[in-house]
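Here is what each chain is made of, one letter per residue.
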Amino acid sequence: MGILDIVPAGVLTGDNVRKLFDYAKEHKFAIPAINVTSTSTANAVLEAARDIKSPIIIQVSQGGAAYFAGKGLANDKQQASIIGAVSAAHHVRLLSKAYGVPVVMHSDHCAEKLLPWFDGMLEADEAYYKEHQEALFSSHMLDLSEEPKEQNIATCAKYFKRMAAIGLWLEMEIGITGGEEDGVDNTGADNASLYTQPEDIYDVYKALSAIGPNFSIAAAFGNVHGVYKPGNVKLLPDLLQKHQLHVEEQLQKKGSKPLYLVFHGGSGSSKEEISTAVSNGVVKMNVDTDTQFAYLIGIRDFVTKKKDYLQKQIGNPEGADKPNKKYYDPRVWVREGEKTLSERVKEACKDLGNVDRL
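Summary of the structure given here. Worth saying up front: this structure is predicted, and the values here are computed from it rather than measured.

### Concerning the packing of aromatic side chains
1) Next: Counted according to the given criterion, the structure contains seven aromatic pairs.
2) Next: Judged by centre distance (5.1 Å) and plane angle (70°), the ring pair of F21 and W169 falls under edge-to-face. Here F21 is found in helix α1 (residues 15-26), whereas its partner W169 is found in strand β6 (residues 169-174), with 148 residues between them in sequence. Exposure class is identical for F21 and W169. Each is buried.
3) Next: For the ring pair Y23 and F29, a centre distance of 6.0 Å and an interplane angle of 75° mean the geometry is edge-to-face.
4) Next: Judged by its relative accessible area of 8%, Y23 is buried.
5) Next: Of the aromatic side chains, those joined through ring pairs into one cluster are F21, W169 and Y260.
6) Next: Taking the ring centre of Y260 as reference, the NZ or CZ of K25 above it sits at 4.1 Å.
7) Next: For K306, the ring lying beneath its charged end belongs to Y309, and the centroid distance is 5.7 Å.

Printed below as a string of structure tokens:
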């Protein structure tokens, strides 16, 4: 039995998101979450998922959502990030059914200073729910890891009550992901904050499970955004097992693996680190840095190879009167980036065991 026997193709909401993650936990694989910034990148991700018969998570960051809307729009009140995220969700809703794959449509890190962006997306979810009896997105992430633990948990619980009412999944972070991404700079974070403690995880679980079951935890185990030389980052995915065991002990449910865990800063991780994380209950792994570079590769290589055809509209090595439109047409060179991005998404799926799952 495959995933399409359990959930439909298209954007998943409500309990269907949990069914997908339960299936992943049961069958010991995880699903990559790919950041997109345009219809081009979103389509390339959907294409990859279709080709290898896999579910996929598509997500937008605050900056990526603003870019999706267009850099010509003002964003002083998060208006571009809100409308860009909403536009991305509608696009993925429309296209995912055509590609025939289940998709979790997600919004990435939202720090406290970005809560107006979160509020705007949530208002769009509630408006969509009134008309369609489901939210526009599948899930949203609150990243209040820089705030005191009690404030982090309390704010997440406040939002989760509102989200649970319309079937939205919540991802929260406790412990800091190091490095820098999308304007959030944690390069100077204290080393101890990069490793979440089991007691903190249970405090989160206790507060959120009282509201509903549809939430996941991004627990820090040395994660860092970006790609770094081997040895510069000390990942300890074995810590995730300690989190599961501690919560199992508190619940007196041995072997239940009650936590849905998320792996942030996945780019550049070894296959062994990924495998250990998945075996300990990770169901989602973020991949952004590697896929950004993959998108560039196809475009870079095309421009390098065809540079003599891209200097002017008419005239190339084949003749002074030869037209170059078939080389400078954006549909040609942008497509090359889509191809290499799509291949990198397939690689991420294979690393996580997310192949032939439909």
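Next comes the rest of the account.
### Regarding the pairing of strand β13 (residues 319-323)
1) Next: Sheet topology places strand β12 (residues 314-316) next to β13; two bridges connect them, and they run antiparallel. In the strand pairing of β13, I314 is matched with P323.
2) Next: Hairpin remark: β12 followed by β13, antiparallel, with two residues in the connecting loop.

### What about the environment of P258?
1) Next: Here P258 shows up in the loop between α8 (239-251) and β10 (261-263).
2) Next: P258 gets classed as buried once you look at its relative accessible area, which sits at 15%.
3) Next: For the pair P258 and Q78, spaced 180 residues apart in sequence, the C-alpha separation works out to 35 Å.
4) Next: Not counting chain neighbours up to four residues away, the residues in contact with P258 comprise K25, Y205, Q244, V247, E248 and L251.

### Focus: the pairing of strand β11 (residues 282-287)
1) Next: By the criterion of burial, β11 is predominantly enclosed, with six of the six residues buried.
2) Next: Direction of pairing for strand β2 (residues 31-35) relative to β11: parallel, over a ladder of four bridges. If you follow A33 over to β11, its bridge partner there is N286.
3) Next: Taken together, the three bridges between β10 and β11 define a ladder with parallel strand orientation. Note on β11: the bridge partner recorded for V262 is K284.

Conventions adopted
- Residues numbered from 1 in each chain as written.
- Predicted model: local features only at pLDDT ≥ 70, side-chain atom pairs only at ≥ 80, totals over all residues.
- Heavy atoms only, no water.
- Phe/Tyr/Trp six-rings, centres within 6.5 Å; stacked < 30°, edge-to-face > 60°.
- Helix = DSSP H or I, 4+ residues; strand = E, 2+ residues; numbered from the N terminus.
- Buried < 20%, exposed > 50% of the residue type's maximum accessible area, 1.4 Å probe, protein only.
- Lys NZ or Arg CZ within 6 Å of the ring centre and 35° of its normal.
- Pairing = 2+ DSSP bridges.
- Contact = heavy atoms within 4.5 Å.

No statement about biological role is implied by the geometric values presented.
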